Amino acid sequence: MSGWVLSDARIATMAGGYGLIEGGSVVIEGERIAWVGAGSVPPEYDGWERVSAGGRLVTPGLIDCHTHIVFGGHRAREFELRLEGASYEQIAREGGGIVSTVAATREASDAALIEGALTRLDALISEGVTTVEVKSGYGLDHETELRMLRTARALAARRAVEVCTSFLGAHAVPAGGEADAYIDEVCIPALRAAKAEGLVDAVDGFCEGIAFDTKQIARVFDVAHELDLPVKLHAEQLSNMGGAQLAARYGALSADHVEYATEDDAAALAESGTVAVLLPGAFYTIRETQAPPIEAFRAHGVPMALATDCNPGSSPLASLLLTLNMGCTLFRLTPEEALLGVTAHAARALGLSDRGRIAPGLRADLAIWDVETPAELAYRIGFNPLHARIFGGKR
Ligand code: NIG
Ligand code: FE
């Protein structure tokens, strides 16, 4: 096999921290990185084609590890209601919120679901995203949950991007339904069917007063483990329900939102190696005032990821670069922590060990930026300095 060399680059390998290499090269062989370092490349690559990065910054391709980009309709009316004083929880309890998107998603054709999702996916890709997680959870019936996951899989066939799917049947109780019956009679059978069809990479849930309690989520997680699927959880977003502790007990890949997580929760997440996925777009949109316990996560060594949570209600945000800025400004992450959050730690939140850093053997998913320093990626607002994106070794 042969390949090519990306030379004259300032490389943020994201090994540990920025892991900067000045005047570096990345040797790309097929879909993989064969070599990375400063100075001249090893002689065996001497005859390979060279492409100069022109001194630009090269990072791993960005990873958005928490999105809900497949859905029907929009929730602009809900945005107006919140401006008139209604809260996110009130709107949900009165039949708006997630269940209103469920109605629109059930009505949408397959073509409309794909088209809507592609618009959002293209926005993410234009900012250097090479891997994106996509959840179900706006179907809440057997067929629509599966249809959402098929749509997510279809996206990967249409764009140069990897899509990881999460089954989120336990997202909300459907209108007219009852939580326990829904979990046992709809959610769990749909999960089994989705797994049998090869549609699921991980299993998610929403543990909250307006959704499901820890016992109900545990029933879904037991089935996930029986099916050999990793779990993750929307936990402690609006209150502390014990979701982070539950996630830790099940060895979850991630606990997401976690504004109301405690120091004990941080200790439990650290112990189980669970990533805290921070979602500043949702924090901002619903005007939450309690920030996640960043200091406790740091003190206990909990890896922190950042994601858009792109969805029609709590986070109509399709920019991972703006998410970096929000993570720093709203949660006081350092730009280095923020960039780790959309590369190395985001990969970990998806259980992927073959990406998120620039190192030999890993996937050649890269982003080349018209900036001098990595902190610039988080610092500007409404700027897209992406120069080029490389997915699986291909520009
Ligand atoms: O991650 N927290 C639950 N689920 C989504 C919100 C979905 C919606 O409002 O439609 C979230 O914020
Ligand atoms: Fe979410």
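Please read these numbers as outputs of a predicted model, since none were measured by experiment.

A.B. asks: Please explain the overall build of the protein as it appears in this structure.
C.D. replies: The helix and strand tally for the protein stands at 15 helices and 15 strands. Over its C-alpha trace the protein gives a radius of gyration of 21 Å, about what one expects of a compact globule, namely 21 Å for 395 residues. In terms of its C-alpha atoms, the protein occupies a principal-axis envelope of roughly 65 × 40 × 40 Å. With 395 residues in all, the protein has 61% of them scored as buried. If you take every contact in the protein between residues at least 6 apart in sequence, the share linking residues at least 24 apart comes to 71%. Carbon and sulfur atoms make up 51% of the accessible area of the protein, which totals about 14,700 Å².

A.B. asks: Even after reading the chapter, I still don't get unusual backbone geometry, so can you show me in this structure?
C.D. replies: Trans peptide bonds make up the majority, and among non-glycine residues the majority have a negative phi. If you check the backbone angles, L140 has positive phi at about 55° while not being a glycine. Along the polypeptide, L140 turns up in the loop between strand 7 (129–135) and helix 5 (142–158). Positive phi outside glycine occurs at D228, with the angle close to 65°. Using a relative accessible area of 68% as the deciding quantity, one classes D228 as exposed.

A.B. asks: What exactly am I supposed to notice about the pairing of strand 14 (residues 366–369) here?
C.D. replies: Successive residues of a regular strand alternate their side chains across the two faces of the sheet. Along strand 14, one buried face is formed by L366 and I368 and the opposite face, lined by A367 and W369, is buried too. Two elements, strand 5 (residues 57–60) and strand 14, share 4 bridges in a ladder whose sense is antiparallel. By the bridge assignment, T59 is partnered in strand 14 with A367. Summarising the sheet, strand 14 and strand 15 (residues 386–390) pair through 4 bridges and their orientation is antiparallel. Note that in strand 15 the partner of I368 across the bridge is A388.

A.B. asks: How should the pattern of salt bridges be read in this particular structure?
C.D. replies: Side chains that differ in charge, positive against negative, can pair when their charged atoms come close. Scanning the model with the defined rule gives 24 salt bridges in all. E197 is the partner of R150 in a salt bridge, and the nearest nitrogen-oxygen pair spans 2.6 Å. Linking R150 in helix 5 with E197 in the loop between helix 6 (179–196) and strand 9 (202–207), this pair joins segments that are 47 residues apart in sequence. Note on E197: relative accessible area 41%, which makes it partly exposed. Ionic pairing is found between R192 and E226, a salt bridge with its closest N-O pair at 2.8 Å. One end of the pair, R192, is in helix 6; the other, E226, is in helix 7 (residues 214–226), with 34 residues separating them in the sequence.

A.B. asks: What's the story with the coordination of the iron ion (ligand 2) in this structure? I'm lost.
C.D. replies: Six octahedrally arranged donors around a metal ideally form angles of 90 or 180 degrees; four tetrahedrally arranged donors ideally form angles of 109.5 degrees. Distances from the iron ion (ligand 2) to its protein donors, namely H66 (NE2), H68 (NE2), H234 (NE2) and D309 (OD), fall within the range 2.1 to 2.3 Å. Sequence positions of the residues that donate to the iron ion (ligand 2) give the spacing H-x1-H-x165-H-x74-D. Linking H66 in the loop between strand 6 (62–64) and helix 1 (76–83) with H234 in strand 10 (residues 232–235), this pair joins segments that are 168 residues apart in sequence. Considered together, H66 and H234 belong to a single accessibility category, that of buried residues.

A.B. asks: Explain the UniProt feature "binding site: Zn(2+)" (unreviewed entry) in the protein here, please?
C.D. replies: Taken from the UniProt record, the annotation "binding site: Zn(2+)" (unreviewed entry) applies to H66, H68, H234 and D309. For the annotated residues, spread through 244 residues, the largest C-alpha to C-alpha distance comes to 12.3 Å, consistent with a single compact locus. Here the residues from the annotation list that line the largest cavity are H68, H234 and D309. The exposure class assigned to H66 is buried, which follows from its relative accessible area of 0%. Tracing the backbone shows H68 in the loop between strand 6 and helix 1. The exposure class of H68 is buried, given its relative accessible area of 2%. With residues near it in sequence (within four places) discarded, H68 still touches K135, Y138, L168, H171, H234, D309, C310 and N311.

A.B. asks: Is there a simple way to explain the UniProt feature "binding site: 4-imidazolone-5-propanoate" (unreviewed entry) in the protein in this structure?
C.D. replies: The feature "binding site: 4-imidazolone-5-propanoate" (unreviewed entry), as given by UniProt, occupies R75, Y138, H171, Q237 and S314 in the numbering adopted here. Within the annotated group just given, the residues that line the largest cavity are R75, Y138, H171, Q237 and S314. Relative to the elements of secondary structure, H171 occurs in the loop between strand 8 (162–170) and helix 6. Once residues lying within four places of it in the same chain are set aside, the contact partners of H171 are H68, I98, G137, Y138, L140, F206, A211 and F212. In terms of polar contacts, H171 uses its side chain to reach the backbone carbonyl oxygen of G137, at 2.9 Å. With respect to the helices and strands, the residue S314 is situated in the loop between strand 13 (304–306) and helix 12 (320–331). Residue classification places S314 among the buried residues on the basis of a relative accessible area of 4%. Those residues in contact with S314, other than ones at most four positions away along the chain, are R75, Y88, G281, A282, T285, I286 and D309.

Each value, and the rule that gives it
Residues numbered from 1 in each chain as written. Chains lettered and ligands numbered in written order. Predicted model: local features only at pLDDT ≥ 70, side-chain atom pairs only at ≥ 80, totals over all residues. Heavy atoms only, no water. Helix = DSSP H or I, 4+ residues; strand = E, 2+ residues; numbered from the N terminus. Rg over C-alpha atoms; globule rule 2.2 N^0.38 Å. Buried < 20%, exposed > 50% of the residue type's maximum accessible area, 1.4 Å probe, protein only. Contact = heavy atoms within 4.5 Å. Areas by Shrake-Rupley, 256 points an atom, 1.4 Å probe, with all protein chains shown as cover. Pairing = 2+ DSSP bridges. Salt bridge = Lys/Arg side-chain N within 4 Å of Asp/Glu carboxyl O. Donors = N, O, S within 2.8 Å, 3.2 Å for Na, K, Ca; no water. UniProt positions renumbered as here; feature names shortened; annotations may be inferred. 1 Å grid on protein atoms, 1.4 Å probe; cavity = no way out; pocket = protein on both sides within 12 Å on 5 of 7 lines; lining within 4 Å. Polar contact = N/O pair within 3.5 Å; in protein donor to acceptor, adjacent residues only side chain to side chain.

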